[in-house]
Structure formats: structure tokens, C-alpha cells
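Listed here are the chains, written in short residue letters.
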Amino acid sequence: MSDPQKQMMQVIDKDAIKDCLFRLARGEDRRDAELITSAYWPDSVTDYGVFKGNFDEYLAWVVPGAEAILLTQHTLGQSYIQLQGSSARVETCVTSYHRVNMGDREADTVIGGRYLDELEKRDGEWRIKSRTMLYDWFQDFGDSADFSQGVMGIPFSGSHFVGGIQDDFSATFFK
């Protein structure tokens, strides 16, 4: 393969890797087992420090997820990707928001960290083989905002503007 062809294949592979990571983030936020499954190989392992297990154990941990976690949003930053043939090592910055039911109130927390992923390309498809989470910072913002009255004193024109883990407007949007 010529250098331009090799370079183009690297661009295509890196884009497919990023797409895999994006699917997983959306799958975790929506607790969508199909999207999550599309991002991991069945023989994968995951280690978040607070959870470690094989794919089936991980999927059962994420879907349906803890009842106390009312909302999540994983925002991915830059990814540093090292391609090595049909495998890749990837470090991706992540900021993850969690709304947590504390019993008597809801709290907003944010974690900043990095995913260290090993991916493999099998039959032309990139998926995660192993994931380790590194935690760089954590912030507890205390009581959550009450969106029932809108934002900044301005009421919403409909109920569909507030996000949720499942069955929010984004589910309808993508159907």
C-alpha cells in the first residue's frame, strides 16, 4: 500500500474508533444495551476502579444502572490514538456528569478523567477489548437545579426539553 493509501486507511480507522467511543458514551447515558454492545467485544474486560468485570457483568452493571443515578452525560474530549495494525491504544478525556438521588434531595456531581482503551479491529470493525478509567478530579455541586420551572426563570414551552436517562426527546429524535 502506498503512503497516501496507508494514511487514508489510518484516517478511516481513527474515525471508526472515535465513532465506537461516541456510541458507547451515548449508550451509557441512555442505558441502551444495543449501543453499548456495539462498542465492546464480547470477550472484553472493563475496570472503572469501582467496578471490574467481563462484558456481561459490565452490561448488567450499566443497564438498567443504579436507580439512584437519575441522569448522566459523558462528554468526550480529545483522543490520543496509537494504531498498531489491527489493534489500537487510545486515551480519551472524559467529563461525566451524574445527577444522584440522595434520598431527601438530588445532587449534581462531575468527574473528570481519562479512558484508557485497547481496541481491536475484527472483520473490519473496531470495538473495545479492554477499558480502564483514570480519575483526575471530582466535584460535588450539591443540590441539583429544579428544571420544573424552566431555566434562568424562563419556563419551558413543553416538557420534552428536560433530558433523562431513557425515553427523553432524543429517543424520538433518532427514530
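Preceding block: the structure.
What counts as what
Residues numbered from 1 in each chain as written. Predicted model: local features only at pLDDT ≥ 70, side-chain atom pairs only at ≥ 80, totals over all residues. Heavy atoms only, no water. Pairing = 2+ DSSP bridges. Helix = DSSP H or I, 4+ residues; strand = E, 2+ residues; numbered from the N terminus. Axes fitted to C-alpha atoms, helices over the stretch in contact; angles between N-to-C directions. Core = buried A, V, L, I, M, F, W, Y, C linked by side-chain atoms within 4.5 Å. Buried < 20%, exposed > 50% of the residue type's maximum accessible area, 1.4 Å probe, protein only. Contact = heavy atoms within 4.5 Å. Salt bridge = Lys/Arg side-chain N within 4 Å of Asp/Glu carboxyl O.

Colleague: Is there a simple way to explain the sheet that holds strand β3 (residues 69-84) in this structure?
Modeller: Note on sheets: strands pair through backbone hydrogen bonds, and any given pair is parallel or antiparallel. If you walk across this open sheet you meet the 6 strands as β2-β1-β6-β5-β4-β3, and the pairing is mixed. The outermost strands of the open sheet, each flanked by one partner alone, are β2 (52-54) and β3. Looking at each pair of strands side by side, their axes are set apart by 20° on average, direction ignored. As paired elements, strand β4 (residues 87-101) and strand β5 (residues 106-122) share 15 bridges and run antiparallel to each other.

Colleague: Which parts of the structure should I look at to understand the nonpolar core?
Modeller: If you look at the biggest cluster of nonpolar residues, it comprises 23 residues, and the most contacted ones within it are Ile17, Ile36, Tyr40 and Tyr58. Listed by contribution, the elements that provide at least two residues to this core are α1 (3-30), α2 (33-39), α3 (55-62), β4, β5 and β6 (125-143). When near neighbours in sequence (up to four residues on either side) are disregarded, Ile17 contacts Ile81, Leu83, Ala88, Val90, Leu119 and Trp126.

Colleague: Whenever I open this one, unusual backbone geometry confuses me. Can you help?
Modeller: Here the residue pair Val63 and Pro64 is connected by a cis peptide bond, since its omega of 15° sits within 30 degrees of zero. Tracing the chain through its elements places Pro64 in the loop between α3 and β3. Of note, the phi angle at Arg31 is positive, near 50°, even though the residue is not glycine. Take Arg31: it is sitting in the loop between α1 and α2. With a relative accessible area of 13%, Arg31 lands in the buried category.

Colleague: Got a minute to help me understand the pattern of salt bridges in this structure?
Modeller: Per the stated rule, a full pass over the model turns up 12 salt bridges. Ionic pairing is found between Asp117 and Arg131, a salt bridge with its closest N-O pair at 2.7 Å. You can see Asp117 sitting in strand β5 and its partner Arg131 sitting in strand β6, a full 14 residues away along the chain. Taken as a pair, Asp117 and Arg131 share a single burial class, namely buried. Shared partners join several salt bridges into a network, and the residues in it are Asp43, Glu120, Arg122 and Lys129.

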